[in-house]
Amino acid sequence: MLNQVRLHKGLNIPMAGAAALKMGQEPAPGVIVMKPTDFRCLVPKLMVKEGDKVQAGSVVFIDKFHQDVCFTSPCSGTVEAIVRGEKRKLLEIRIKQDAVTEYLQFAKGTPSKLSKEEIVKALLSSGLWPAIIQRPYGIIANPADTPKAIFVSAFDSAPLAPDYNFTLASDIQDIQTGVDAIRKLTGGEVYLGVASESSVLAKLNGVKAYVFNGPHPAGNVGVQINHISPIGKGEVVWTINPNFLAAIGRLFNKGVYDVARTIAVAGPQASNPCYVKVLPGVCVEALSSMFVNDGGQVCGQHVDTRYISGNVLTGKNVGFLGSLGFYDFQFTAILEGDYYEAFGWCKPFRPGKFSVQRSYFSWLTPGKKYNMDANLNGGKRAFVVTGLYEKVVPMDIYPVYLLKAILANDIDKMEQLGIYEVIEEDLALCEYVCPSKIDVQNIVSNGIATMIKEMA
Amino acid sequence: MKGLIDFVNNLRPSFEKGGKYAWLHSTFDAFDSFLFVPKTKTCCGAHVRDCMDLKRVMTVVIVALAPAMLFGMWNVGEQHSLAFGLDMSFWGKFWYGFLRVLPLIIVSYVVGLGIEFASAQIRGHEVNEGYLVSGMIIPMIMPVDVPLWILAVAVAFAVIIGKEIFGGTGMNIWNPALLARAFVFFSYPTKISGDVIWIKGVGKAAAGELVDGFSGATALSQAGAGIAPDALHTVAGQPMDAMQMVIGNMAGSIGETSVIAIAIGALILIYTGIASWKIMVSGVAGALFVAFLGGIGAQEGTLAAYPAYYHLIMGGFAFGIVFMATDPVTSAQTECGKWIYGFLVGAMAVVIRLWNPGYPEGMMLSILLMNTFAPLIDHFVVSRNIRRRVKRAVVK
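Draft legend 1. Up close: the overall build of chain B. Across its full length, chain B carries 15 helices and one strand. Since a compact globule built from 396 residues should have a radius of gyration of about 21 Å, the 23 Å found for chain B is in line with a globular shape. C-alpha atoms of chain B, sized along the principal axes, occupy 70 × 65 × 35 Å. Counting all 396 residues of chain B, 56% fall into the buried class. Total accessible area on chain B stands at roughly 16300 Å², and carbon and sulfur atoms take up 70% of it. Seen as two clouds, the 27 positive and the 24 negative side-chain charges of chain B have centres 14 Å apart.

Take a look at the structure:
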């Protein structure tokens, strides 16, 4: 019998377009994009130039301030373009993929027989270190730290998220090797949060498993940390996604940097929502046959398709020319929101729209799934309604007070109110339900940036 | 509908930056977003959003206010016909009341929204919807005979001093509607208390016009004057029981008399989750608690000797606890704080009623007082959370 945690707060957003449990056609080799902007606070130092040949596992850029942290190519091929933005900020490294992937060979090994230093070194040189995220702040872990514990959430509860029982079922061996490796990195436990005892990952050895029962954000690792062992000031914990545990396992079992992952392609604008095996950095274009690319009609007006790398709560709008982020395991396609809806707010019924509150009547149709779009559904206002955020944050935190402390740039208050315990995704549902349409995640980002700057 | 969208789209450029009427941007925006849900896209953070917005919140509150308002209109006619001994039909009474209340609503909205639009324009903000509710509540908590100019001044005071100087909806400390009433109460006391202002036309009635045995006192002022519960009487001098006070066909401010109509509003607010049931429940508990304590050993013939539940059905208690104490901006914001805040609102209201020799109604002052202390209550609740966190910190 595993430890049970029952969460009552939260919300499963009823979105249409969940991926069916079947695999779609893998995209043909094309362009793979590496984006230093996927990593919070990273100042990259480029190690390749246009025209260079790379193998899967070759270093492409490194962290300027922790030069042992490498970011390596997920595929073999030729560096086709280096895209820079304002002030020459490094935005993208585009690698033209070879037809057959050549892997750079790393040393194989059995993690249980390796020392902590050897494991850290293997992860750093292979490019898998960035998979380990440090809390507080949600930044890449510092290899010099020893975390209090490592947390792994073995399920994703976000809207239309991939089902890890399906995508990781064949990777259990590698994941077990990955767990054996990261166990060496902490002085404490490796905690695993699962959705149910029958989950395929619940049988891993060497972890302390907890069952988290409840609506989203039960699958967010931040929520799980808050219930298992909340982060205090001065403490550091690490988190890692099970997909990366599988990649770590492959590194030690096969000696290769193989971060291929099975992602969900979902959303109301996905023509055939299903799963597909891709590399991080795969372009939307390569999967274009899986989306309805010519937009659609809302309220008699034409709107385009929005392509999101990640889920609709925390993902990034990457556009048709964009690519899958390093930490993302799904593409979601929805309709854009630039249309007018006459008298929308005062219509008694708006059958196509969902509201968690009862002033619309979507509570009468609990099983219905909605074709949601990117309209803001209102205008931005000050904080007015109270008690709503608290209903979707299953943590011992007062979200509105934390947000106001961030807005006031009051560092002491932020610390006291729990800035160390949250990252954007943990309060994303607040943003969804907010009738004042406050950009909650943006505020949290600013707060974290301030803390990193002030505490450095 | 396509035509309307095109029409507004054609107008839009003149009101945008660089356009001829760019200085009227906020006003145009207010009407534009009134007609349409704007085409604003989510740009950062969550890509999909709940379809609830502040306009909808305010609409639901107005719907919840409607039963009390409609009953209030009918009751204006009813009380008038009783006072003057007129024989009026149901619809006749309603129509009479409607025509008397409508000017109050119009003045309240025109003055209040005028100031809201002007200040939004000055700040370059969007116009906030907050006043849609305040503008409806203000006439409902006024006596029907209040002069329109006093109402206009009170509204201006409430919106400017109560709201706009703090930064608009969401930033105010005190409930603007109550501030309007407090303004009239302290500046023009004779216009909001006494026996002749609650019924339309009584103030100007010639001798002999009114029915025999007429008394314009509200139930609460009769109780405050030492009349026993079984001797309370209606406008026409008939005995009045508790049931009649629940139904609400008695003298009082326009919207406050009917507990039943207010209860319908309360159900709507609680069911839609717009107002906090915790504040309502703990408010009622607080009032009953103090009324019960006050009643122990109370002298016959004082308000304290009344059964505790009378405090819930007399005066503005029901209206205040349902529609004004629950104002999310000015009430306590933490869930635990709401219990404490509500309890104290109810308790203070009865304390003022029982132990204030000057004026029997305590709801207005009680809510304003607790509005002032709501941030303090929240402070203590949040401090508890902070202490828990500090305790487990490794580095102090």
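Moving on from the model shown.
Draft legend 2. Structural view of the domain arrangement of chain A. Structurally, chain A comprises domain 1 (30–98), domain 2 (107–259), domain 3 (263–353) and domain 4 (388–455). Put simply, the middle of domain 3 of chain A and the middle of domain 4 of chain A, counted by C-alpha atoms, are 26 Å apart.

Draft legend 3. Representation of the packing of aromatic side chains. If you walk through the whole model with that rule in mind, you get 40 aromatic pairs over all chains. Measuring from ring centre to ring centre gives 4.7 Å for F61(A) and F71(A), while their planes differ by 15°; the resulting arrangement is stacked. One end of the pair, F61(A), is in strand β5 (residues 59–63); the other, F71(A), is in strand β6 (residues 70–72), and ten residues separate them in sequence. What makes F61(A) buried here is its relative accessible area of 0%. One cation-aromatic arrangement involves R100(B) over Y96(B); the distance from NZ or CZ to the ring centre is 4.0 Å.

Draft legend 4. A look at the environment of S199(A). All names here are of chain A. As for its position among the elements, S199 is in the loop between β12 (190–194) and β13 (208–213). As for S199 and V236, which are separated by 37 residues in sequence, their C-alpha atoms are 28 Å apart. In this structure, S199 is in contact with N165 and V194, ignoring residues within four places of it in sequence.

Draft legend 5. Here's a closer look at the packing of helix α6 (residues 148–162) of chain B against helix α7 (residues 176–187) of chain B. Residues and elements named next belong to chain B. Between α6 and α7, the least distance of the axes is 8 Å, while the angle of their chain directions is 130°. Looking at the two axes, α6 sits oblique to α7. As for the relative orientation of α6 and α7, their crossing is right-handed in sense. Of the residues in α7, those touching α6 at I150, V153, A154, F157, A158 and G162 are P176, L179, A180, F183 and V184. Looking at the contact of α6 with α7, its residues break down into ten nonpolar, one polar and no charged.

Draft legend 6. Highlighting the sheet that holds β13(A). Residues and elements named next belong to chain A. Reading across from one edge, β1-β13-β12-β11-β14-β9-β10 is the order of the seven strands in this open sheet, with mixed pairing throughout. On the outer flanks of this sheet lie β1 (3–6) and β10 (139–140), each paired with one strand and no other. Pairing between β12 and β13: four bridges, direction parallel. Directly across from Y191, in β13, lies its bridge partner K208.

Draft legend 7. Inspection of the interface of chain A and chain B at higher detail. The interface is formed by 78 residues belonging to chain A together with 59 residues belonging to chain B. Looking only at chain A, the three residues that lose the most surface to chain B are Y340(A), W345(A) and R381(A), adding up to 16% of its buried area. At the boundary of chain A with chain B, the tally comes to seven salt bridges. Two residues, E129(B) and R381(A), come together in a salt bridge whose shortest N-O distance is 2.7 Å. The interface formed by chain A and chain B contains 30 residue pairs in polar contact (both at pLDDT 80 or more). Those elements giving two or more residues to the side of chain A that touches chain B turn out to be β19 (305–309), β20 (316–317), β22 (341–342), α7 (399–407), α8 (411–417), α9 (428–433) and α10 (440–455) of chain A. Where β22(A) and strand β1 (residues 36–37) of chain B come together, two bridges link them in antiparallel fashion. Of the residues in β1(B), the one forming a bridge with A342(A) is F36(B).

Draft legend 8. Up close: the domain arrangement of chain B. Residues and elements named next belong to chain B. Partitioning chain B into domains gives domain 1 (10–39) and domain 2 (54–229 + 242–381). Each of domain 1 and domain 2 was reduced to a C-alpha centroid, and the two centroids are 36 Å apart. Listed per partner, the contact involves ten residues of domain 1 and eight residues of domain 2. Looking only at domain 1, the three residues that lose the most surface to domain 2 are S26, A30 and S33, adding up to 55% of its buried area. For the interface between domain 1 and domain 2, the tally reads zero salt bridges.

Draft legend 9. A look at the pattern of salt bridges. For the coordinates displayed, the defined rule picks out 27 salt bridges over all chains. Between D439(A) and K380(A) there is a salt bridge, with the nearest N and O atoms lying 2.7 Å from each other. With a gap of 59 residues between them, D439(A) in the loop between α9 and α10 and K380(A) in the loop between β22 and α6 (388–392) connect regions that are remote in the sequence. Among the residues examined, D439(A) registers a relative accessible area of 14% and is labelled buried. We classify K380(A) as partly exposed; its relative accessible area is 42%. Residues participating in the shared-partner salt-bridge network are K380(A), E431(A), D439(A) and R49(B).

Draft legend 10. Structural detail: a nonpolar patch on the surface. All names here are of chain B. Where nonpolar side chains cluster on the molecular surface, the patch consists of I270, W277, V281, F289, F292, L293, I296, W339, I340, F343 and L344 and spans about 1000 Å² of accessible area. Breaking the nonpolar patch down by element, the ones donating at least two residues are α11 (277–295) and α14 (335–355). In this fold, I340 is placed in helix α14. Its relative accessible area of 38% is what places I340 among the partly exposed residues.

Draft legend 11. Representation of the nonpolar core within the structure. Core analysis: the largest hydrophobic core is formed by 106 residues, its most contacted members being F323(B) and Y341(B). A total of 13 residues in this core trace back to one element, the largest contributor, which is helix α3 (residues 54–84) of chain B. The contacts of Y341(B), once residues within four sequence positions are left out, are I279(B), A325(B), T330(B), S331(B), A332(B), I367(B), M370(B), N371(B), A374(B) and I377(B). Listed in part, the 77 residues of the second largest apolar core include W129(A), V179(A), W238(A) and L251(A).

Conventions we followed
- Numbers given to residues run from 1 along each chain, matching the order in which its sequence is written.
- Labels follow written order: the first chain is A, the first ligand is 1, and so on.
- At least 70 in pLDDT is required for a residue's local features to be given in this predicted model, at least 80 for side-chain atom pairs to be given and counted, and no such filter applies to totals for whole chains, interfaces and linings, which use all residues.
- Water and hydrogen atoms were dropped before computing side-chain values, which therefore reflect all heavy atoms in the structure.
- Only DSSP runs of H or I with at least four residues qualify as helices, and only runs of E with at least two residues qualify as strands; both kinds are numbered from the N terminus onward.
- We take the radius of gyration over the C-alpha atoms and set the globule estimate at 2.2 Å times the residue count to the 0.38 power.
- Summary of the burial criterion: residues with accessible area below 20% of their type's maximum are buried, those above 50% are exposed, and those between are partly exposed, where the area comes from a 1.4 Å probe applied to protein chains only.
- Only the protein chains shown count as cover for residues, and the accessible areas themselves come from Shrake-Rupley with a 1.4 Å probe.
- When charges are counted, Lys and Arg contribute as positive and Asp and Glu as negative, whereas His and the chain ends are disregarded.
- Working definition for charges: the position is that of NZ of Lys, CZ of Arg, CG of Asp or CD of Glu.
- Residue ranges assigned to each domain were obtained from an automatic or database domain assignment.
- Between 30 and 60 degrees the pair is tilted, below 30 it is stacked and above 60 it is edge-to-face, where a pair is any two Phe, Tyr or Trp rings, Trp via its six-membered ring, whose centres lie within 6.5 Å.
- Remark: a charge is flagged as sitting over a ring if the NZ atom of Lys or the CZ atom of Arg is within 6 Å of the ring centre and within 35 degrees of the ring normal.
- It only takes one pair of heavy atoms within 4.5 Å for two residues to be counted as in contact.
- Under this scheme, a helix contributes an axis fitted over its contacting stretch, all axes are lines through C-alpha atoms, and angles between N-to-C directions fall in the 0 to 180 degree range.
- Roughly parallel means an angle under 35 degrees; roughly antiparallel, over 145; roughly perpendicular, 65 to 115; everything else is oblique.
- Less than a right angle of anticlockwise turn of the near helix away from the far helix marks a crossing as left-handed, whereas a clockwise turn marks it as right-handed.
- Throughout this entry, Asp, Glu, Lys and Arg are counted as charged residues, while Ala, Val, Leu, Ile, Met, Phe, Trp, Tyr, Cys and Pro are counted as nonpolar. The remaining residues, Gly among them, count as polar.
- DSSP bridges decide pairing: two strands pair if at least two such bridges lie between them.
- Values labelled buried area give the accessible surface lost by two parts on being combined, using a 1.4 Å probe and summing over both.
- When a carboxyl oxygen of Asp or Glu is within 4 Å of a side-chain nitrogen of Lys or Arg, the pair counts as a salt bridge.
- In protein, a polar contact means a hydrogen-donor-capable atom and an acceptor-capable atom, both N or O and within 3.5 Å, with residues adjacent in sequence counting only if both atoms are side-chain atoms; elsewhere, any N or O pair within 3.5 Å suffices.
- Patches here are clusters of residues that have more than 30% relative accessible area and form no salt bridge, with a 9 Å joining cutoff for like charges and a 5 Å cutoff for nonpolar side chains (Val, Leu, Ile, Met, Phe, Trp, Tyr).
- As used in this record, nonpolar core signifies buried Ala, Val, Leu, Ile, Met, Phe, Trp, Tyr and Cys residues forming a set joined through side-chain atoms within 4.5 Å.

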